[in-house]
Amino acid sequence: FAGVLGCRTMLVRRLALTATRAPCGRLAAARLAAARPGPARTLCSDSDFMPQRKKFAADGNVKDQIQKEIEANPVVVFMKGVPSAPMCGFSKQVVEVLKTQGVPFKGINVLADPDVREGVKEFSNWPTVPQLYIGGEFIGGCDITVELHQSGELAEELRKAGVKD
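Read on for a plain summary of the structure.

## Examining the sheet that holds strand β4 (residues 106-109)
Within the open sheet, the 4 strands sit side by side as β4-β1-β5-β6. Their pairing is mixed. A strand with exactly one partner marks an edge of an open sheet, and here the two such strands are β4 and β6 (137-140). The average undirected angle you get between the axes of adjacent strands in this sheet is 25°. Bridge analysis of strand β1 (residues 75-79) against strand β5 (residues 131-134) gives 4 bridges, and the strand direction is antiparallel. Opposite Val-75, over in β5, you have Ile-134 as the bridge partner.

## Side note on the side chain of Glu-69
Assignment of secondary structure puts Glu-69 in helix α3 (residues 62-72). Setting aside residues up to four positions removed in sequence, Glu-69 forms contacts with Phe-56, Val-76, Lys-106 and Ile-108.

## Let's talk about the pairing of β6
Here β5 runs beside β6; their pairing, made up of 3 bridges, is antiparallel. Bridge pairing in β6 links Leu-132 to Gly-140. Between the end of β5 and the start of β6, which pair antiparallel, lie 2 residues, with Gly-135 showing a positive phi angle near 60°.

## Side note on the packing of α3 against helix α5 (residues 114-124)
A pair of packed helices is characterised by two quantities: the angle between their axes and the separation of those axes. Packing of α3 against α5 brings their axes to within 9 Å, and their N-to-C directions diverge by 75°. Here α3 lies roughly perpendicular to α5, going by the angle between them. In contact with Val-62, Lys-63, Ile-66, Gln-67 and Ile-70 of α3, α5 contributes Asp-115, Val-116, Gly-119, Val-120, Glu-122 and Phe-123.

## Notes on the pattern of salt bridges
Enumeration according to the criterion identifies 5 salt bridges in this entry. Two residues, Lys-63 and Glu-122, come together in a salt bridge whose shortest N-O distance is 3.5 Å. Of this pair, Lys-63 sits in helix α3 while Glu-122 sits in helix α5, and the two are 59 residues apart along the sequence. Two residues, Lys-106 and Glu-69, come together in a salt bridge whose shortest N-O distance is 2.8 Å. Here the residue Lys-106 occupies a position in strand β4, and Glu-69 occupies one in helix α3, the gap between them amounting to 37 residues. For Glu-69, a relative accessible area of 12% corresponds to the buried category.

## Observations concerning the side chain of Gln-101
Following the sequence through the fold, Gln-101 ends up in helix α4 (residues 89-101). A residue is classified by how much of its surface remains accessible, and Gln-101, at 9% relative accessible area, is buried. There is a polar contact of 2.8 Å between the side chain of Gln-101 and the side chain of His-149. Sequence-distant contacts of Gln-101, defined by excluding residues within four places in its chain, comprise His-149, Leu-154, Ala-155, Leu-158 and Lys-164.

What counts, and at which threshold
Residues numbered from 1 in each chain as written. Predicted model: local features only at pLDDT ≥ 70, side-chain atom pairs only at ≥ 80, totals over all residues. Heavy atoms only, no water. Pairing = 2+ DSSP bridges. Helix = DSSP H or I, 4+ residues; strand = E, 2+ residues; numbered from the N terminus. Axes fitted to C-alpha atoms, helices over the stretch in contact; angles between N-to-C directions. Contact = heavy atoms within 4.5 Å. Parallel < 35°, antiparallel > 145°, perpendicular 65-115°, else oblique. Salt bridge = Lys/Arg side-chain N within 4 Å of Asp/Glu carboxyl O. Buried < 20%, exposed > 50% of the residue type's maximum accessible area, 1.4 Å probe, protein only. Polar contact = N/O pair within 3.5 Å; in protein donor to acceptor, adjacent residues only side chain to side chain.

Structure below.
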């Protein structure tokens, strides 16, 4: 029992010492900043260690690259995230509709490149993402895709494009 009290007494003394030495609040931050010599440290000090993003259009012409993707793939969705991990509910709904239809499609993540995010909106003259293209033709966003799916018209468009039996 005496050993426990001795440990407790040591703990109380240590806390009291810490409390008298450690400043708190805004003054503490100022004192700590003044006490540290040299420039502030950053996590990434060299550009080689900075996150690298691959550009969608290597030559910088986003609209041409969008056109190439739409021509090369019968079903394309420009979306936030990727089909296996959509980053918004609307993109997820379009992916689920296409999976329900049982067709292969290419998902292009507009969050990976701001130029693509804005470029696809200009390309289609449609202000929102996701955007669905079937057979090279712009179909619409989430609401239109869901409506077409519910009415059966989406299946017909997919058949016309040759991706659905």
